[in-house]
Amino acid sequence: MNFSCVFPALALVIASPLAALAEPAWIWTGSAAKPNERATFRKTFTLDGTVKSAALVFTCDNGATAFVNGSKVADNPDWMNPTKAGIAKNLRAGENELRFDARNADGVAALVGTLTIEMADGKKRVIETGADWTFAPQGSAEFKPAGIVAKYGKEPWGDALASAGKMGAAQIAAAPDTLQVPPGFKVELLYTVPKAEQGSWVSMAVDPKGRLIVGDQNGGLFRVEVPPVGKSDGTKVEPLAVEIGGAHGLLYAFESLYVMVNEKSGQGLYRLRDAGDQFGKPELLRKIDGSGEHGPHSIALSPDGKSLFFVDGNHTKLPDRMELSRAARAWDEDQIVNRMWDANGHAKGILAPGGHVCKTDPDGKVVELYTAGFRNSFDIAFDANGELFTYDSDMEWDIGAPWYRPTRIAHCVSGGEFGWRSGSGKWPAYYPDNLPPAIDIGPGSPTGTVFGTGAKFPAKYQRALFAADWTYGTMYAFHPVADGASFRMEKEEFVAGKPLPLSDLVIHPIDGAMYFLIGGRKTQSALYRVTYTGKESTAPAPRVEITPEAKLRHQLEALHIDGTGPDAIEKAWPHLAHSDRFVRFAARVAIERQPAAKWADRALAERNPQAAIEALVALARVGDRTLAPRIFEALGKMEFAKVATELRLSLLRAWQLTVIRMGKPAPELCAKLDPLFPSNDFYINRELSKLLVALDSPTVVAKTVPLLETAVGHDVSIGEAQLLARNDGYAQAAADAKKSRPNHQAIDYAYTLRCAKVGWTPELRKTYFAWFPRTRVWKGGNSFTKFIDNIRTESLANFVPDLAERDALDALSKAAPPAPPANLTMPKGPGRAYTTDEVAALVGDGLHGRNFAQGKAMFAATLCINCHHFAGEGGNIGPDLTGSGSRYTIRDFTENIVDPSKVISDQYGTEQIEKKDGATVIGRVVVEQSGKLSVMTSPLAPDVQTAVDSADIKSRKPFNISMMPPGLINALNKDELLDLYAYVLSAGNAQDKAFAK
């Protein structure tokens, strides 16, 4: 089960999701325990009404006595034997006090407990040990905040309260009336699972008689007979007498129960034939090497009812004897610069293809790899038209890093690749050799999925994909919208509550209700039912007509099956230039399955840019290495500036793949790419800088290091945004997090530069390592800080050969972070990659009534003030902007911002100086006298200059890239942009007052 994302240890926010899950904590006095230490812990609370029942469960290392409102109610002499007591008679309406007199013998000390109260009106209240408790040392009346020693479940205590019965809030099924559902829907609690006898349920299937079969994550199987819709009581549960358990996946099909064993030995896919009301002996159909939270998971019946599909997590090897594969067996890591493994060691050494979906026959005789490239999907689901989807997990420890990928819904097409790679190696969605998600969601822990097909729900919910998130207790309804050959998704929260550790869900084929489980990781399990009681029609929804692009994709996918002949090339080739990405992908997969010798010449001769890029990507992946010179020649014929904007990232990836798979090209081809960097697109800059570093460009270091200072990258990833939203009750934590957002673009540059071997000078190294202190205030996931430090330490080892210099740079990179500028206001965003036309259209609507104060703040936040003098303030590295409104049209002014390298004044130009020792210096010559040059290489550090002796110069020429980075306005939202323009263009203008009205 995908529980690796539970309780993410994030530095991004102060408040942990643990608090929202209402789990007790082990508490003590906040300092190291002392031998024979004694202390009193207490918590006051108010009750409104009459108490029906109240159960107190607690234990203390080494012992404690409990008091309620001054009366002793229970004693716990040994923490290994927790105490449970009914204390309803001791509680009263109004204020109450729960107190523990706790004692320690020696070693570690800690107290944990929960008080579960049910009121006469059916409402529940849980009091649990945590940071809101206070303590006083023995003999003192001064109470102070208690300290949290550990989360519940941590060693050495583990699940210490389990043997005393239900464990409080995390062990009590949420009452249906506390769950949020859309209008017209009703939730019923059908069964609360007795944990000691039946465990924690995580998987579910329906047999032909409409009975549910459920699996305990660490135990056996049970059959559940549910009451008719409209009646909540009468649920019957019986254990199945089968010698199998630890199931993550269950499916009834072909008069058999299929079980995906994960948590027990002998992992793999099993079949148990139906023998009436019991099942026969388990038959192992296919051994699968994997277990635990990232092991083999769920099973689904194919739309035609003839096959099985199953999904495995990324720590699971491909099935034993995997006979077939829809995609060519060409998967690899494909990293253009060296990948960093997770800084905490998670998934180290795990390689492609990552998590995957396979297809097999009812007897498991032939297994076919269907799609791959996931992190850890727990479940899969088919829609009414037979399209397959999954809910893939994120790696929440990556939050803050440019390679973080949120949880996502993926359309699992034949031969698909979704780009998960371990550590920093995850592929961005724009790479043409993988496919994008239907929707990004945010942090979470994906579990069960099911389409609403057959549900007695309104039509839009019958067509929805329901997907469960264990961590945040939310079931989403994703409404698919056809988008060419694939889909985009519209998200709706369908069921939400606390605690609600959702694990699996099904649509019942007989009564049309939805049934869902909570459980997993030994939490309290329960079975719920969702029905629709509103006024909308629940008649079966007609199938949505598939698009022409989807029909074409299906035709191409038929060419992915073993046995298709050479005519697949002719059938697929015309569609390499199709406007739809999923169609192009299907066509390329079909071609890659055919011997490359049969289509290599055609790929090299292709003249349609889109088709050529796809064909050369394919040839780089599956062609012979002897083709490398010809592939590079074909790539070199495509002039980057003349290629359509939307194709440029794909073209760069084609270059990258050829270098990765076949080696470096001739130096003159590197020289062809060098002038393209930097561009006015930060994604192109990311990929181009990596490619140039891999090609040992002599100028990429000198160009990239200054970008660390000026990179616009204070964008909030969807992971950060969602995490802040989920913790919106912690205002201060959210505010602190917003102030400490990582600059993703700068991090990416630093990550790339750590691998550069060519072009470093002492000054560039000093500027590079001086960047690291500012990262110390940035917040992210559990691995974020260590990732940054690993970039730093790898850089020291990779390109600082002198030990004395290494020590100095090590100290520089560990310095205290620079103080933030006084009263600096950062953009709220969200920004976008503005074009000149877009800005001209926005500003064309008028600049009247703008906020000059915000405009001035944005002038500082976008770093304009660092280099440009304006109204008596700012730097003098670039042109004085005072009076810009009188000198520039809106379009001219915007072009200078969006593409500052288009026109560079001689007064502000820079030079590229190549030294005889091979080093390159790029910057503005500030002083030239007595045979020596002083070169300013960074506009943000004008006083840090590189000295160059004229006798050491091999060549010197103008450099056609402006020192001003492109896209500095991309962090601004519309209002921030307009306020900035109004502020700058009004200075010294007769219309100043009019602008400000």
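(A) Local environment of the side chain of Glu417. Among the secondary structure elements, Glu417 is positioned in strand β30 (residues 416–417). Look at Glu417 and you get buried, because its relative accessible area is 9%. Within the structure, the side chain of Glu417 is placed 2.7 Å from the backbone nitrogen of Gly419, a separation counted as a polar contact. The residues contacting Glu417, other than those within four sequence positions of it, are Thr371, Ala372, Gly373, Trp427, Asp433, Asn434, Leu435 and Phe585.

(B) View of the sheet that holds strand β14 (residues 201–206). The four strands lie next to each other as β14-β15-β16-β17, forming an open sheet whose pairing is antiparallel. Both outer strands of the open sheet, β14 and β17 (236–239), are each paired with one neighbouring strand and no more. The sheet shows a mean angle of 25 degrees between the axes of neighbouring strands, taken without regard to direction. The sheet contact formed by β14 and strand β15 (residues 212–216) spans five bridges and is antiparallel. Paired with Ser203 across the strands is Gly215, a residue of β15.

(C) Seen up close, the packing of aromatic side chains. Enumeration over the complete set of coordinates arrives at 45 aromatic pairs. Here the aromatic rings of Phe309 and Tyr370 are separated by 5.2 Å at their centres, their planes lie at 85 degrees, and the arrangement is edge-to-face. Taken together, the positions of Phe309 in strand β23 (residues 308–312) and Tyr370 in strand β26 (residues 367–374) put the pair 61 residues apart, joining distant regions of the chain. The pair formed by Phe309 and Tyr370 is uniform in burial state, with each residue classed as buried. Its end group placed over the ring of Phe585, Arg588 keeps NZ or CZ at 4.7 Å from the ring centre.

(D) Focus on the packing of helix α20 (residues 836–844) against helix α24 (residues 890–898). Remark: α20 packs on α24, axes separated minimally by 9 Å, with the N-to-C direction vectors making an angle of 140 degrees. Comparing the axis directions of α20 and α24 gives the class oblique. In the packing of α20 onto α24, the handedness of the crossing is right-handed. Across from Thr836, Asp837, Val839, Ala840 and Val843 in α20, the residues of α24 making contact are Ile890, Arg891, Thr894, Glu895 and Val898. A class-by-class count of the residues in the contact of α20 with α24 yields five nonpolar, two polar and three charged.

(E) Quick peek at the environment of Lys535. On the secondary structure map, Lys535 appears in the loop between β38 (526–532) and α4 (548–557). Taking the relative accessible area as the measure of exposure, Lys535 reaches 89% and is therefore exposed. Considering only alpha carbons, one finds Lys535 and Glu323, 212 residues apart in sequence, at a separation of 51 Å.

(F) Summary view of the sheet that holds strand β19 (residues 256–261). One open sheet accounts for four strands, arranged β18-β19-β20-β21; its pairing is antiparallel. A single partner strand is all that each edge strand has here, and the edge strands are β18 (247–253) and β21 (283–287). Neighbour to neighbour, the strand axes of the sheet diverge by 20 degrees on average, direction disregarded.

(G) Region of the structure containing helix α6 (residues 581–592). Given a rise of 1.5 Å per residue, twelve residues ought to cover 16 Å, and the 16 Å separating the end C-alpha atoms of α6 matches this to within 8%. Counting buried positions over the twelve residues of α6 gives eleven, a clear majority of the element. Within α6 the residues assigned to the buried category are Phe582, Val583, Arg584, Phe585, Ala586, Ala587, Arg588, Val589, Ala590, Ile591 and Glu592. If you follow the buried residues of α6, they end up packed against β29 (407–411), β30, β35 (486–496), α4, α5 (567–572) and α8 (609–622). Structurally, the start of α6 carries an N-cap: the backbone nitrogen of Phe582 is 2.9 Å from a side-chain oxygen of Asp580.

(H) Focus on the packing of α8 against helix α9 (residues 628–636). Two elements in contact, α8 and α9, have axes separated by 11 Å at closest approach and are oriented at 160 degrees. Classified by the angle between their axes, α8 and α9 sit roughly antiparallel to one another. Crossing hand, α8 versus α9: left-handed. Mapping the contact onto sequence places Leu616, Leu619 and Ala620 in α8 and Ile631, Ala634 and Leu635 in α9. Partitioned by chemical class, the residues of the contact of α8 with α9 number six nonpolar, no polar and no charged.

(I) Layout of unusual backbone geometry. Cis geometry is found at the peptide bond from Asp61 to Asn62, where omega equals 25 degrees. The residue Glu255 is not glycine, and still its phi comes out positive at about 55 degrees. Here Glu255 is to be found in the loop between β18 and β19. Here Glu255 falls in the exposed class, since its relative accessible area comes to 64%. We note that Asp334 has phi near 55 degrees; this positive angle belongs to a residue other than glycine. Secondary-structure assignment places Asp334 in the loop between β24 (324–325) and β25 (355–360). The exposure class of Asp334 is buried, given its relative accessible area of 3%.

(J) Just the environment of Asp398, in detail. Relative to the assigned elements, Asp398 resides in the loop between β28 (388–392) and β29. Taking relative accessible area as the criterion, Asp398 reaches 1% and is therefore assigned buried. Measuring from C-alpha to C-alpha, the distance between Asp398 and Leu190 comes to 39 Å, with 208 residues separating the pair along the chain. Residues contacting Asp398, with those up to four places away along its chain left out, are Asp342, Trp403, Tyr404, Gly423, Lys426 and Phe787.

(K) Highlighting the nonpolar core. If you look at the biggest cluster of nonpolar residues, it comprises 112 residues, and the most contacted ones within it are Trp599, Leu619, Leu635, Trp760 and Tyr768. Counting residues per element, this core draws most heavily on α8, at nine residues. With residues near it in sequence (within four places) discarded, Tyr768 still touches Val705, Leu708, Ala750, Leu753, Arg754, Trp760, Ile791, Ser795 and Phe799. Leu47, Ala66, Val68 and Trp133 belong to the second largest nonpolar core, which has 30 residues in total.

(L) Structural detail: the confidence of the model for the chain. Summing up the model confidence of the chain, the mean pLDDT is 88 and the portion of residues at 70 or higher is 91%. Every residue in residues 722–738 scores below 50 in pLDDT, and together they form 26 contacts with partners more than four places removed in sequence or on other chains. For the stretch residues 988–997, pLDDT sits under 50, and the model shows 17 contacts to residues farther than four places along the chain or on other chains.

(M) Structural view of the side chain of Thr836. The residue Thr836 is located in helix α20 in this model. Residue classification places Thr836 among the buried positions, given a relative accessible area of 13%.

(N) Quick look at the pairing of β26. In terms of burial, β26 is largely enclosed, as eight of its eight residues are buried. Both β24 and β26 contribute to a ladder of two bridges, which runs parallel. Along β26, the bridge assignment pairs Ser325 with Leu369. In this structure, β25 lies alongside β26, joined through six bridges in antiparallel fashion. Looking at the pairing, Lys359 lines up with Glu368 of β26. Joining the antiparallel neighbours β25 and β26 is a turn of six residues, in which Gly364 adopts a positive phi near 65 degrees. Sheet analysis places β26 next to β30, joined by two bridges and oriented parallel. If you follow Thr371 over to β30, its bridge partner there is Gly416.

Thresholds, definitions, all that
Residues numbered from 1 in each chain as written. Predicted model: local features only at pLDDT ≥ 70, side-chain atom pairs only at ≥ 80, totals over all residues. Heavy atoms only, no water. Helix = DSSP H or I, 4+ residues; strand = E, 2+ residues; numbered from the N terminus. Buried < 20%, exposed > 50% of the residue type's maximum accessible area, 1.4 Å probe, protein only. Polar contact = N/O pair within 3.5 Å; in protein donor to acceptor, adjacent residues only side chain to side chain. Contact = heavy atoms within 4.5 Å. Pairing = 2+ DSSP bridges. Axes fitted to C-alpha atoms, helices over the stretch in contact; angles between N-to-C directions. Phe/Tyr/Trp six-rings, centres within 6.5 Å; stacked < 30°, edge-to-face > 60°. Lys NZ or Arg CZ within 6 Å of the ring centre and 35° of its normal. Parallel < 35°, antiparallel > 145°, perpendicular 65-115°, else oblique. Left-handed = near helix turned anticlockwise from the far one by under 90°. Nonpolar A, V, L, I, M, F, W, Y, C, P; charged D, E, K, R; others polar. Expected span 1.5 Å × (residues − 1). Core = buried A, V, L, I, M, F, W, Y, C linked by side-chain atoms within 4.5 Å. pLDDT = per-residue confidence, 0-100.

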